[in-house]
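Structural overview
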Amino acid sequence: MPPQEEIILDYTEAAAIVLARAARLSQPSQAETVSVEKAAGRVLAASITADRNQPPFDRSTRDGYAVRSADLQVGERLKVVAQLRAGQPALTTSVGRGEAIEIMTGAPMPAGADAVLMVEHVDVLADGIRPHAGRSLKPGENIVPAGAEARTGGIIVPAGTRLRATHLGAAVSCGAAVVDVYRQPRIAILATGDELVEPGEMVKDFQIRNSNSYSLAVQVERAGGIPGRLPIARDTLEDLQRSLETATLSDLVLLSGGVSMGKFDFVEQVLTSRGAQFLFTGVRMQPGRPVVFGHLREQSKYFFGLPGNPVSTMVTFALFAAPLIRALGGETEPRPLFARAHIAAPFRHKPGLTRFLPASLSTDWDRADVMPIAWQGSGDLAATARANCFIVIPPDVQELTAGDDVSVLLVD
Ligand code: AMP
Ligand code: MG
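A few points on the structure. Everything numeric here is computed off the predicted structure, so don't read it as measured data.

The rules behind the values
Residues numbered from 1 in each chain as written. Chains lettered and ligands numbered in written order. Predicted model: local features only at pLDDT ≥ 70, side-chain atom pairs only at ≥ 80, totals over all residues. Heavy atoms only, no water. Near = heavy atom within 4 Å. Polar contact = N/O pair within 3.5 Å; in protein donor to acceptor, adjacent residues only side chain to side chain. Areas by Shrake-Rupley, 256 points an atom, 1.4 Å probe, with all protein chains shown as cover. Nonpolar A, V, L, I, M, F, W, Y, C, P; charged D, E, K, R; others polar. Pairing = 2+ DSSP bridges. Helix = DSSP H or I, 4+ residues; strand = E, 2+ residues; numbered from the N terminus. Axes fitted to C-alpha atoms, helices over the stretch in contact; angles between N-to-C directions. Contact = heavy atoms within 4.5 Å. 1 Å grid on protein atoms, 1.4 Å probe; cavity = no way out; pocket = protein on both sides within 12 Å on 5 of 7 lines; lining within 4 Å. Points joined across faces, edges and corners; volume = space filled by probe spheres on them. Phe/Tyr/Trp six-rings, centres within 6.5 Å; stacked < 30°, edge-to-face > 60°. Buried < 20%, exposed > 50% of the residue type's maximum accessible area, 1.4 Å probe, protein only.

**Quick word on the site of ligand 1**
- What surrounds ligand 1 is a group of 16 residues, the closest being Glu195, Asn210, Ser211, Gly258 and Gly308.
- At 2.9 Å from an oxygen atom of ligand 1 is found a main-chain nitrogen or oxygen belonging to Gly258.
- Contact with the protein chains hides 80% of the accessible area of ligand 1, taken as 490 Å² for the molecule alone.
- The residue makeup of the shell around ligand 1, split by class, is four nonpolar, ten polar and two charged.

Put into structure tokens, the structure is as follows:
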């Protein structure tokens, strides 16, 4: 087998390739209908449109009194002629000059009134109300007009959206009890390595527990896929060939380990023998340098060869595999989530690589500080377990001082 030609890219180039491939995927061909209670995390296959105007009527946003705003300038008492609660049909009584109708938050505005005077802004008298001195109202104040939030037939949640609480709330508000969602892609997870043992098994001194298959399964689920963990493949051509056979029954193959320069790192060789087209065979990043992305033409499937070091596996999954899985699931916006923060400690490194440092982003609502966590490198899961994000250091940055702006990769 001729050795595969290396394609080593910068992180931004590699990410662009994955996203371009993700954008070219066609929508999943199969959809199913599920109840809204079961739809969280699924990807919408048909847009949700407003079945009526939102709000359906001019809605009071306050508890108070529906009035004519012009009446307030006079500063006189207003006669309260009726009471209106949310859930009551519109009144036949309308608000005339010098009159008010007591109204609750969420109730439809009565005819004649053009504003709501908050209950906190009046003195309640035996026969009416007196607005507090100097209190004025603009027409429309404390009212959301019918159709201001959405018009009948307008798209509320577009197809291709992964459904979170807000989307489900919006769907239900438009009358949906069930929604159409795409079938979830099946993702094969294949850990490779002679040293690996499964959890619960006896582990000898020289052996390592296969943690990657389990952390990857969680990440796959979070990306909207259905993980399929395969038995560990040993570092032989035959075993890898055999395992890959099963793995390619899925919609995407994730391999972990066996992509470095070691003597028994056979993954690329086996993929080459299966007619793989490699889109990259390494990325100038740390952790994650040996990450491989490619396409199996015969099966028309993508694969990732993720480096075996657990933090490398995790980071390269989040950056490259997650977007592709999300796109396979029909998501139209599959990019990872980055935010800006202030690094809380100085940092120096040799430029040339994009670095992803496990870090702790402040959970105080009014601070955006992020503190790198001391670690032993890309095998250090213990340190990474104390992190809630990764600081991104671009390849051209050599030195950062405390307080400098940085990007952080948010992971869940
Ligand atoms: P490799 O990418 O196969 O060269 O492996 C790099 C490092 O990651 C080695 O220390 C491996 O023991 C470790 N490793 C590989 N696969 C796994 C796995 N599935 N779970 C935990 N550690 C692994
Ligand atoms: Mg290995």
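More follows now that the structure is in view.
**Side note on the sheet that holds strand β19 (residues 276-280)**
- Ordered in space as β17-β14-β18-β22-β21-β19, the six strands form an open sheet in which the pairing is mixed. Looking at the sheet topology across the chains shown, the edges are occupied by β17 (226-229) and β19. Between one strand axis and the next, the sheet turns by 25° as a mean value, whatever way the strands run.
- For strand β14 (residues 186-191) and strand β18 (residues 252-256), the ladder comprises five bridges, and the chain directions are parallel. Looking at the pairing, Ile187 lines up with Leu252 of β18.
- Strands in contact with helix α1 (residues 11-24) are β19, β21 (292-296) and β22 (301-306); relative to β19, the strand with the most contacts, it is inclined by about 130°.

**A closer look at the layout of surface pockets**
- Roughly 710 Å³ of internal volume is contained in the largest pocket.
- Along its surface, the largest pocket is lined by 28 residues, and Arg162, Arg222, Arg326, Arg335 and Asp412 are the ones closest to its centre.
- Contributions of two or more residues to the lining of the largest pocket are made by α4 (212-222), α7 (310-328) and β29 (405-410).
- Take the lining of the largest pocket: its biggest share by element is five residues, from α7.
- Grouping the amino acids of the lining of the largest pocket by side-chain chemistry returns 14 nonpolar, six polar and eight charged.

**Comments concerning the environment of Gly352**
- Topologically, Gly352 is positioned in the loop between β24 (347-348) and β25 (354-361).
- Put simply, Gly352 and Thr93 are 259 residues apart on the chain and 75 Å apart in space, counted from C-alpha to C-alpha.
- Discounting residues that sit within four places of it in the chain, Gly352 has contacts with Arg284 and Pro395.

**Some words on the packing of aromatic side chains**
- Applying the stated criterion across every chain, the model contains eight aromatic pairs.
- Considering the side-chain rings of Phe278 and Phe303, the 5.7 Å spacing of their centres and the 80° angle between planes classify their relative orientation as edge-to-face. You can see Phe278 sitting in strand β19 and its partner Phe303 sitting in strand β22, a full 25 residues away along the chain.
- Owing to a relative accessible area of 6%, Phe278 belongs among the buried residues under this scheme.
- Under the relative-accessibility criterion, Phe303 is labelled buried at 0%.
- Summarising the aromatic geometry, the rings of Phe280 and Phe293 are spaced 5.6 Å apart at their centres and angled 50° between planes, so their arrangement reads as tilted. Of this pair, Phe280 sits in strand β19 while Phe293 sits in strand β21, and the two are 13 residues apart along the sequence.
- Classification of Phe293 by relative accessible area gives buried; the value is 0%.
- Ring-pair connections join several aromatic residues into one group, and the members of that group are Tyr11, Phe280, Phe293, Tyr302, Phe304, Phe320 and Phe356.

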